[in-house]
Amino acid sequence: MPDEIYSQYSLTIGRWRENKIIAAVEMLSPSNKGYPSRFDRDKYLRKRDAYLESGINFLEIDALTTGESVAPNSISKAASFDRHVWTCFHDAGVPRVDAYGWNSDQAIPVFPWRVEAGEIV
């Protein structure tokens, strides 16, 4: 039986009893950044916007050095590096954004992500 390769670029965390997503992680793929089609990029941006508008705590990792950036303007300093990661945590309904950028010749950073109040991974 041949091996199958399955790539998953997203993860959602939820409370199953409440049937509620509380956090989501997205690792950008080439299609998220518009390769080969801008349709995929636009689809990804709508998905990201839906998470943010819903108050879901969000983490986005862009470790790709090629392709058009999809980083929001609020993290432009971190997005100026080869790679970046950013998170949006909703604190009492107020979104708070944190970001970190690094270059290809630097070690991958440890970046804390607040899944929900009091839970940082």
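Residues numbered from 1 in each chain as written. Predicted model: local features only at pLDDT ≥ 70, side-chain atom pairs only at ≥ 80, totals over all residues. Heavy atoms only, no water.

### A short note on the packing of aromatic side chains
- Summed over the entire model, instances satisfying the criterion amount to three aromatic pairs.
- Lying over the aromatic face of Phe89, Arg114 brings its terminal NZ or CZ to 4.6 Å of the ring centre. (Phe/Tyr/Trp six-rings, centres within 6.5 Å; stacked < 30°, edge-to-face > 60°. Lys NZ or Arg CZ within 6 Å of the ring centre and 35° of its normal.)

### Things to note about the side chain of Lys33
- Take Lys33: it is sitting in the loop between strand 2 (20-27) and helix 1 (38-53).
- By relative accessible area, Lys33 is classed as buried at 6%.
- In this structure the side chain of Lys33 is engaged in a polar contact, spanning 3.1 Å, whose partner is the side chain of Asp62.
- Contact partners of Lys33, with chain neighbours within four places excluded, come to Leu28, Arg41, Asp62, Leu64, Thr66, Gly67, Glu68, Ser69 and Val70. (Helix = DSSP H or I, 4+ residues; strand = E, 2+ residues; numbered from the N terminus. Buried < 20%, exposed > 50% of the residue type's maximum accessible area, 1.4 Å probe, protein only. Polar contact = N/O pair within 3.5 Å; in protein donor to acceptor, adjacent residues only side chain to side chain. Contact = heavy atoms within 4.5 Å.)

### Regarding unusual backbone geometry
- Tyr35 connects to Pro36 through a cis peptide bond whose omega is 5°.
- Of note in the backbone geometry, Asn19 takes a positive phi value of approximately 50° without being a glycine.
- Relative to the helices and strands, Asn19 is located in the loop between strand 1 (10-15) and strand 2.

### What to know about the pattern of salt bridges
- All told, the structure shown has eight salt bridges when counted by the stated rule.
- Lys47 serves as the salt-bridge partner of Glu26, at 2.9 Å between the closest nitrogen and oxygen. Taken together, the positions of Glu26 in strand 2 and Lys47 in helix 1 put the pair 21 residues apart, joining distant regions of the chain.
- Given the relative accessible area of 3%, Glu26 is considered buried.
- Classification of Lys47 by relative accessible area gives partly exposed; the value is 34%.
- Across the salt bridge formed by Glu60 and Arg48, the nearest N and O atoms sit 3.0 Å from each other. Of this pair, Glu60 sits in strand 3 (residues 57-62) while Arg48 sits in helix 1, and the two are twelve residues apart along the sequence. Neither Glu60 nor Arg48 differs from the other in exposure class; each is buried.
- Via salt bridges that share partners, Arg15, Glu18 and Glu116 belong to a single interconnected network. (Salt bridge = Lys/Arg side-chain N within 4 Å of Asp/Glu carboxyl O.)

### Describing the environment of Ile56
- Along the polypeptide, Ile56 turns up in the loop between helix 1 and strand 3.
- Along the sequence, Ile56 and Ala107 sit 51 residues apart, while their C-alpha atoms lie 29 Å from each other.
- With near-sequence residues (within four places) excluded, Ile56 lies in contact with Ile21, Ile22, Ala23, Ala24, Tyr51, Cys88 and His90.

### Quick look at the confidence of the model for the protein chain
- On average, residues of the protein chain score 90 in pLDDT, and 94% of them are at 70 or above.
- Here strand 7 (residues 119-120) is the element of the protein chain with the lowest mean pLDDT, 85, and strand 3 is the one with the highest, 96. (pLDDT = per-residue confidence, 0-100.)

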